[in-house]
Amino acid sequence: DELISQIAAGEVVERPASVVRELVDNALDAGATQITVRLLAGGVRLISVEDDGLGILREELPIAFRRHATSKIGSLQDLESVATMGFRGEALAAINAIADCAILSRAHGLSEAFLLDGRTGELRPVARSPGTTVEVKELFYSTPARRKFLKTDATELAHCIESVRRHALARPDVGFAIWHEGRLVEQWRKCGALTGGLLFDATPEALDALDQRLYDVLGADFVANSVRVNWSGSKAAQMARLDAAPSMRVWGRAGIPDAARSRADQQFAYVNGRFVRDKVITHAARSAYEDVLHGNRQPVYALYLAMDPTRVDVNVHPTKIEVRFRDSREVHQALRHAVEDTLAVPRA
Ligand code: ADP
Ligand code: MG
């Protein structure tokens, strides 16, 4: 059983950044508005993720480390329309199999907090404010071969920061801070009011908050050299796809062609609030720029797609970075048209 857990862990956890991604996912699912990540040695010695979310009840704490224990999916039908980041109930169990873990939590509305030691199963009272902290120490301590595959602390730290950055771009309504070796290395303050998680509604206020977050995370240059995308299907697009359901919305920012730099590290795409790396999306974005960007120049963009959750399968891979669209042509066209229509609009 230990072996099975460790094999499962290998699929979920590649490096410290994978742990960071899972823990931040959980914090967001718990409704956190402020998330603090603390790291030692690039995350290998310690990853601690602290949130001010709903917390976990004392009697539910021991369940959190159990495989396929999730509080988020009630039925197979739920799996069709997942609205939380997590849903497999695998992450904490997997991480606990390959590191020294502890959860400290105080459930919302209760006065007591408890610490659960993942190794011994021991539960004891502690003091903390409402919310949850998950601590992961000595990652891969029991599998030295895997530990050897890790890069330098600086590289692992960079991957951890990138992982939080992806979350930060999805959730301007949540504040993030990253500490490494006791030093604050990144901080993104919350912008605007809570927008309600994954099914983020692209209201004008929310788009302003997003612009602020894009400015904070990707820099003044990115915002100055991009235009706002806010698309829910143009006439032309609808004529081109008479059969398609007009159920897609695209927003964010797209780099203006004459300023677009070759920066593959500034291509961010989200589907229903989830960061994805997807060929259909990358190709659609490239196609939109085809006639306006020459040579090897790469577009930069941060694009957010909202679509019917039953038309996209996020249960493809444990890392959830890949998705499968029911109709990839529909997604390709929507994205391409969104960018093309936006770039054709004269800039203010
Ligand atoms: P999943 O996220 O797929 O449900 P996880 O293994 O990541 O599975 O987490 C297991 C369970 O532990 C979650 O379903 C949730 O009930 C609880 N949990 C984990 N992290 C937190 C947190 N930061 N705040 C509140 N509950 C949490
Ligand atoms: Mg999870």
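Further up the page is the structure itself.
For clarity, every value in this text was computed on a predicted model and none was experimentally measured.

Student: What should I look at first to understand the pairing of strand β5 (residues 123-126) in this one?
Tutor: Sheet faces and side chains relate simply in a regular strand, where the side chains alternate between the two faces. In the sheet, strand β4 (residues 113-117) pairs with β5 via four bridges, with the strands oriented antiparallel. Its bridge partner lying in β5, F114 is registered against P125. Between the end of β4 and the start of β5, which pair antiparallel, lie five residues, with G121 showing a positive phi angle near 80 degrees.

Student: Quick question: what am I supposed to make of the packing of helix α11 (residues 279-289) against helix α12 (residues 328-344) here?
Tutor: Describing two packed helices takes the angle between their axes plus the distance from one axis to the other. Where α11 contacts α12, the axes come no closer than 8 Å and their chain directions differ by 35 degrees. Along this stretch, α11 crosses α12, giving a crossing that reads as right-handed. Residues V280, I281, H283, A284, A285, S287 and A288 of α11 form the contact with α12, whose own contacting residues are S328, V331, H332, L335, R336, V339 and E340. Classifying every residue of the contact of α11 with α12 gives eight nonpolar, four polar and two charged.

Student: Would you mind showing me how to read the sheet that holds β4 here?
Tutor: Sheet strands line up and pair through hydrogen bonds in the backbone, either parallel or antiparallel. Strand order in the open sheet made by the eight strands is β5-β4-β3-β6-β2-β1-β7-β8, with mixed pairing throughout. At either margin of the open sheet sits one strand with a lone partner, and together these are β5 and β8 (183-188). On average, each strand axis in the sheet is inclined to that of its neighbour by 15 degrees, with strand direction left out of account. When strand β2 (residues 46-51) meets strand β6 (residues 131-137), the two strands line up antiparallel, connected through six bridges.

Student: Sorry, what's going on with the packing of helix α7 (residues 153-170) against helix α8 (residues 204-218) here?
Tutor: Remark: α7 packs on α8, axes separated minimally by 9 Å, with the N-to-C direction vectors making an angle of 160 degrees. When the axes of α7 and α8 are compared, the pair comes out roughly antiparallel. As for the relative orientation of α7 and α8, their crossing is left-handed in sense. The residues of α8 that touch α7, namely those facing R165, A168 and L169, are R213, L214 and V217. Tallied by class, residues from the contact of α7 with α8 come to four nonpolar, no polar and two charged.

Student: I tried to follow the sheet that holds strand β12 (residues 274-275) on my own but got confused; where do I start?
Tutor: Taking strand neighbours across the sheet as the criterion, the five strands line up as β9-β10-β13-β11-β12 in an open arrangement whose pairing is mixed. Among the strands making up the open sheet, the edge pair consists of β9 (226-231) and β12. Note that strand β11 (residues 267-271) and strand β13 (residues 301-306) share five bridges and pair parallel. Bridge pairing in β13 places Y270 opposite Y304.

What counts, and at which threshold
- Note on numbering: residues in each chain are counted from 1, in written sequence order.
- Both sets of labels track the order of writing: A upward for chains, 1 upward for ligands.
- Local features in a predicted model are, by the rule used here, given only for residues with pLDDT of at least 70; side-chain atom pairs are given and counted only at 80 or more, and totals for whole chains, interfaces and linings are based on all residues.
- Between any two strands, at least two bridges found by DSSP are needed for them to pair.
- What counts as a helix is a DSSP run of H or I of at least four residues, what counts as a strand is a run of E of at least two, and both are numbered from the N terminus.
- Angles shown run from 0 to 180 degrees and are taken between the N-to-C directions of axes, each axis being a line fitted to C-alpha atoms and, for helices, limited to the stretch in contact.
- Put simply, a crossing is left-handed when the front helix is turned counterclockwise from the back one by less than a right angle, and right-handed when it is turned clockwise.
- Two residues qualify as a contact pair if the distance between their C-beta atoms, derived from the backbone, is within 7 Å.
- In this classification, Asp, Glu, Lys and Arg are treated as charged, Ala, Val, Leu, Ile, Met, Phe, Trp, Tyr, Cys and Pro as nonpolar, and every other residue, Gly included, as polar.
- An angle below 35 degrees is treated as roughly parallel, one above 145 as roughly antiparallel, one from 65 to 115 as roughly perpendicular, and anything else as oblique.

These values are about where atoms sit, not about what they do.
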